[in-house]
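# Survey of secondary and tertiary structure
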Amino acid sequence: MPEKKDLQKDNEDIRIGVYTCYCGGNISDIVDCEKVRELTETLPNVVVSRTDMSMCSDAGQAMIEEDIRKHGVNRVVIGACAPSLHEQTFRGAVARAGLNPFLYYHVGIREQDSWVHHGNHEAATEKAIVLMNSGLAKARLLKPLKPIKLTAQKHALVIGGGVAGLRSAWDIANQDIKVTLVEKSPFLGGRMAQLETVFPTNKPARDSLHELIEKVIDHPSITIHTQAEVKSMSGYIGDFNIKIEQISRGVSSELADQEAVIDSCPVEVSDEFNYGLKTRKAIYQAYPGNFPSTLAIDWENCTLCGKCEKVNSSGIDLKKKSEIIDVNVGAVVVATGFKPYEPRQGEYGYGDFKEVITLPQMIRLLALNGKDKALMFKGRTVRNIGLIHCVGSRHVPGIHEPQEDGKVNDYCSRVCCTATLHMTNDIRQHYPDVNMYDVYEDIRTYGRNHEEYYKQASENLVRFVRFQAAEGPQVFASENGNDQPLVIKTKDYLTAGLDIEIPVDLVVLSVGFMPNPIEELTKILKINPGNDRFLQEVHPKLRPVETAVSGIILAGTAQGPMNIQESVTAASAAASKVSVLLGQGQVELEPFVADVDHDKCNGSGECVQVCPYEDAISLEEVTINGKVCKRAVVIPANCVGCGSCVSACPNRAIDIQGWTLGQYESMVDAIAEGMLALEVSA
Amino acid sequence: MATNKIKVDALVVGGGISGMQTALDLADQGYQVALVEKEASIGGKMIALSKVFPTLDCCSCITTPKMSAVAHQENITLLTYCEVDHIKQNGKGFIVGATNKPRYVDMDLCTGCRQCEYVCPVDLKNPFDNNLGAIRAIRVPFSTAVPQKVVLDIDNCILCGKCQTACAVDAIDFTQQPEEIMIETDSILLATGFEVTPKDAKKEYGNGKLLNVIDGLDMERLLAPTGPYGHVLRPSDGKEPDSIAYVQCAGSRDETLGVEYCSRVCCMYAIKQAMLLSGALPLADITIYYMDIRAFGKGYEQFYQNAKAMGIQFIKGKVAKIKEDENQNPVFRVEMVDEGGSVVEHTHDLAVLSVGMLPSFDPTPIFNVPNDTDGFIMTPDQNFSASLTMIPGIFAAGAATGPMDIVDSIMTAGSAASAASAYIKSQQNGKEESSSKIADLQKESQHA
Ligand SMILES: Cc1cc2nc3c(=O)[nH]c(=O)nc-3n(C[C@H](O)[C@H](O)[C@H](O)COP(=O)(O)OP(=O)(O)OC[C@H]3O[C@@H](n4cnc5c(N)ncnc54)[C@H](O)[C@@H]3O)c2cc1C
Ligand SMILES: Cc1cc2nc3c(=O)[nH]c(=O)nc-3n(C[C@H](O)[C@H](O)[C@H](O)COP(=O)(O)OP(=O)(O)OC[C@H]3O[C@@H](n4cnc5c(N)ncnc54)[C@H](O)[C@@H]3O)c2cc1C
Ligand code: SF4
Ligand code: SF4
């Protein structure tokens, strides 16, 4: 291979260390790592080639550091897991040894090789060798790079004013970082405001929520916008430019006679706070005592009839106004929460029978009913309640119907079991004569003090009935003559799979969690949901609150089902992350951005036209050899390194640093050569 | 006894995943942190696991880089083989006395070359392998230990002196004495983790005497690539088991043991191990006897359904008793809940107890940080600040506050760091405001 020799001659001072990781068997069970080591050892420029059980361990890293210090290794190639996992780890090790961290190249031989070629050890080993070879080819051409250092705005945006958003706002503000909080609805508090007492504290939800809200409102570094939504975002971690659209409330905070104003409104719409069990007006409050206490106009349903204005002209402005607010923040916390699963028409009789309601509705029903009288629903006294678990959760393809988007809700919603049992205890306390039947598959009272609710429910004589997924319960109208309107039919596996029928007055469906509809927002932020449609973290253990876009952080149930404690904990963890990112007032970006060779550039400007990003590349006047001419100039902070300009440039004047055309070509050549060698030997 | 003094913003007690993450989250924000770990290496229970649910990542891939990051973070002072002896209130902060236990090795000199370990003639049961494999009296605790320094088990050392001769840098010192350290700190974070239910806790399951009844941690080591045998073998005769059965809730949700809570991880680790076993022993039958399968976390239910689809058998049944037959096969007496409570006997080759989580460290003899009725550290404000203990300035994270898995431990670590940071800031800026907010919260919850 004559070219290789030449290369070696050109780069006499290139000394490569090659490291192949066993990954505790993940790689070495399939790929013959020792063979990879042996073969790479003989290649040009390679000074050492080593293997280790776990290269990312401290000992593994120390070995690499020592090779750099003692054996003069000045290029490092590591074959291991995907770079997304540990590239940062190894860059750290390389830098500690005094070498520029970008003189290291990472080859993925786990996700791209051993994990996908299980059955074929030989081919997997060959592939590893080819991949390592191309990594080596690139390594020979690596140049030292410097990360882009930028000042970071000590200011964060929190999207969503539920308990998670409120808590992260408060925690971030306590780290001396300014916070802007936007809430889409007119009122703060999210779903927690709709709960009464909550597990595991048994305290009234709104009491503790209001305390938090008051602290957030009082905090000098937090600005809150309700009826506001994010409309656009540009920029990067440390310096995002956000446009927020704020809709006017239509009501002044001075408005006095709130009740008379509400009464005057002729519009009646379903009251979402009470999940449709009641109606409300188009000028309204979510509930008495909500924050902010000012009424709001529901612009979607207001007919602009002007009746409220007649009651109080000074406090009401029926002209809907929208204002755009610009904020410049260093990080964004997404805390947009969840919505309860809405059962399909006919699912367990929902929509067909008025006596079938959901758990959140039942919680509101209990609150509206009051505690000192018999439990009534639609004019009937309720004596027998059937509770059905896992509605809209734990669906199994083939057994349960997919949702509208074709996906099956295959996850557990984690909160509904304990919430259901907590409610049965509440019912028992206030309505001692009501019979309750709990129809479940598994009871998941996993958390600290949760099991207590299960125990209490049994002591409270809640009758448990266990079904299996394939033979879930069904709800029917009772035969004539039965004084209970509905009957639940199911097999009960606590009694040897007997078919049983439970006559009831009310069926409560323990519905699961769905993410709030935030497709537009996810597009603006360029973040992705996972398979379960909830927002996806980078890695559940390594980077549990971060998204793939650096600087955009997750908090609370936008990420998946959680109870209050878990939402709040996640919110605080998100705040910690924001503080780590922005606390020092500086962020570092990877240097993989476009770089223009001004000797080759002739200022033709194709690059500027194709660049999809704002202010990333432009033609500027520069002086070259005393002559003023136009040349393309890159603003590194705005460039994402997509490479569009590279392909558009007619003069090959642009390269992405760290991923130059020359490097690509050498890698492709190495792969082609490797494949050819394999064919010849076969 | 020589006394060293250090002054930090935060003291983290416990170097498992929770303690490491808490320390990193604080140090990355610029705080000075001391991390005290009683064992000779950090890593906690997690570093001994095989692969971890729900992603089936190899455990070292997640843990070892964190351990390394802790070792290299300039703001962290790492104190391994060190225990906290006393805590005194010092204004709003604390003065903590700790003892560096003698390793009988000079940490500055030892290079971790292990020459001493190779020549040591004493073979002992390896605690890192849950006593399944063997280890020398002088050793690096395990291959990926941080720090990579040897430690000498003086109780089992025969003082033959071979290690001293083998050591090229003269690091071994049989006369080393305990060393006292005074740590002045603004805040304390307890991340002292958990222990598993002892194997002999339940008489019904053979009292820890049946050889082929092992526990979940034993199985983790058998499955780990760095494990003692490199294979899954049963202890009595070293045979590959053809039929393996799991007993769920072995030590949890059990009033007779005074453990009424659910341990939260054992359903998931049993499912995980069952999946790994069907890879390692493709022909083996695997059965899980359970009461409720609690696959509640993100991606966990899907993991459970995958396991079912792989042919792992889930039987809703209570294991009342385990005996052994003449071939030392465990014989299960099971009340089959799904079959109306009929009682049957099933024989398997190997039984695995899905043991639960118990608190590992009781701080009360040292300082009045009260425990809850479950024995874990009391965190009175369960919903709003689950990392606050009853003492302002002392926070808790991870399994020290009750059973939890790694994902949840990491989340609580981040939240404890956030709470501690606010507390430290309020002290250092003399800004009473947010500290009094925390104090309010704590006072309030004490009344509740
Ligand atoms: C029936 C039921 C009973 C429960 N009982 C309990 C219990 O007893 N104990 C317990 O611990 N937990 C309980 N929970 C769980 C608890 O409700 C949640 O953990 C908690 O509300 C989650 O808070 P969050 O802030 O993540 O989300 P949310 O409360 O949903 O808040 C999200 C907020 O974001 C806003 N938002 C959404 N999209 C946007 C956007 N694009 N821009 C701006 N703002 C937006 C929403 O308007 C909302 O205000 C229960 C849940 C249910 C369904
Ligand atoms: C068999 C088994 C399998 C598991 N599998 C999984 C899995 O696949 N996925 C998953 O997510 N979770 C799994 N888990 C759970 C996981 O082990 C825990 O979530 C995790 O280890 C908790 O970490 P921690 O740091 O809180 O506690 P620990 O890991 O217990 O760490 C506590 C640390 O504190 C130290 N310490 C204690 N007291 C003191 C003291 N007084 N002074 C100084 N130091 C002290 C200890 O030595 C230890 O290093 C499993 C658990 C078991 C038992
Ligand atoms: S928490 Fe309970 S009711 Fe909810 S989905 Fe999970 S198992 Fe079903
Ligand atoms: S997690 Fe599963 S095995 Fe463990 S105690 Fe809870 S229910 Fe039992």
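Residues numbered from 1 in each chain as written. Chains lettered and ligands numbered in written order. Predicted model: local features only at pLDDT ≥ 70, side-chain atom pairs only at ≥ 80, totals over all residues. Heavy atoms only, no water.

## Considering the nonpolar core
In terms of nonpolar packing, the biggest core is built from 158 residues, with A:Val76 and B:Met219 touching the most fellow members. Those residues in contact with A:Val76, other than ones at most four positions away along the chain, are A:Gly17, A:Tyr19, A:Ile64, A:Ile68, A:Val94, A:Leu99, A:Leu103, A:Tyr104 and A:Tyr105. Core analysis: the second largest hydrophobic core is formed by 98 residues, A:Ala205, A:Tyr287, A:Leu581 and A:Cys639 among them. (Core = buried A, V, L, I, M, F, W, Y, C linked by side-chain atoms within 4.5 Å. Buried < 20%, exposed > 50% of the residue type's maximum accessible area, 1.4 Å probe, protein only. Contact = heavy atoms within 4.5 Å.)

## Concerning the domain arrangement of chain A
Frequently, the measure chosen for interface size is the accessible area removed from exposure when the parts meet. For chain A, the assigned domains read domain 1 (2–147), domain 2 (155–248 + 321–337 + 517–582) and domain 3 (339–514). The distance between the C-alpha centroids of domain 1 of chain A and domain 3 of chain A comes to 57 Å. (Domains from an automatic or database assignment.)

## Observations regarding the packing of aromatic side chains
Counted according to the given criterion, the structure contains 21 aromatic pairs over all chains. Seen from their ring centres, A:Trp659 and A:Tyr664 are 5.6 Å apart, and the 35 degrees between their planes marks the pair as tilted. The exposure class assigned to A:Tyr664 is partly exposed, which follows from its relative accessible area of 41%. On the basis of an interplanar angle of 35 degrees and a centroid distance of 5.4 Å, the ring pair of B:Tyr289 and B:Phe332 is categorised as tilted. With B:Tyr289 in strand β16 (residues 285–290) and B:Phe332 in strand β18 (residues 330–336), the pair connects residues that are 43 residues apart, well separated along the chain. The pair B:Tyr289 / B:Phe332 is uniform in exposure class, with both members buried. In this structure, B:Lys101 packs its charged tip against the face of B:Tyr81, placed 4.8 Å from the ring centre. (Phe/Tyr/Trp six-rings, centres within 6.5 Å; stacked < 30°, edge-to-face > 60°. Helix = DSSP H or I, 4+ residues; strand = E, 2+ residues; numbered from the N terminus. Lys NZ or Arg CZ within 6 Å of the ring centre and 35° of its normal.)

## What about the packing of helix α6 (residues 121–140) of chain A against helix α18 (residues 661–681) of chain A?
Residue and element names in this part refer to chain A. In the contact formed by α6 and α18, the axes pass within 8 Å of each other and the chain directions differ by 150 degrees. In terms of orientation, α6 lies roughly antiparallel with respect to α18. Where α6 crosses over α18, the handedness of that crossing is right-handed. Contact with α6, carried on its side by Glu126, Val130, Asn133, Ser134, Ala137 and Lys138, involves Gln663, Ser666, Met667, Ala670, Ile671, Gly674 and Leu678 of α18 and no other residues of that element. Across the contact of α6 with α18, the residue classes break down as six nonpolar, five polar and two charged. (Axes fitted to C-alpha atoms, helices over the stretch in contact; angles between N-to-C directions. Parallel < 35°, antiparallel > 145°, perpendicular 65-115°, else oblique. Left-handed = near helix turned anticlockwise from the far one by under 90°. Nonpolar A, V, L, I, M, F, W, Y, C, P; charged D, E, K, R; others polar.)

## Things to note about the sheet that holds strand β29 (residues 506–511) of chain A
Within a beta sheet, neighbouring strands are joined by backbone hydrogen bonds and run either parallel or antiparallel to one another. All names here are of chain A. Spatial ordering of the open sheet is given by β20-β29-β23-β24-β25, a layout of five strands whose pairing is parallel. The open sheet terminates on both sides in strands that have one partner only, identified here as β20 (356–358) and β25 (463–466). Neighbour to neighbour, the strand axes of the sheet diverge by 25 degrees on average, direction disregarded. Where strand β23 (residues 384–391) lies against β29, five bridges are found, and the strand directions are parallel. Paired with Ile385 across the bridge in β29 is Leu506. (Pairing = 2+ DSSP bridges.)

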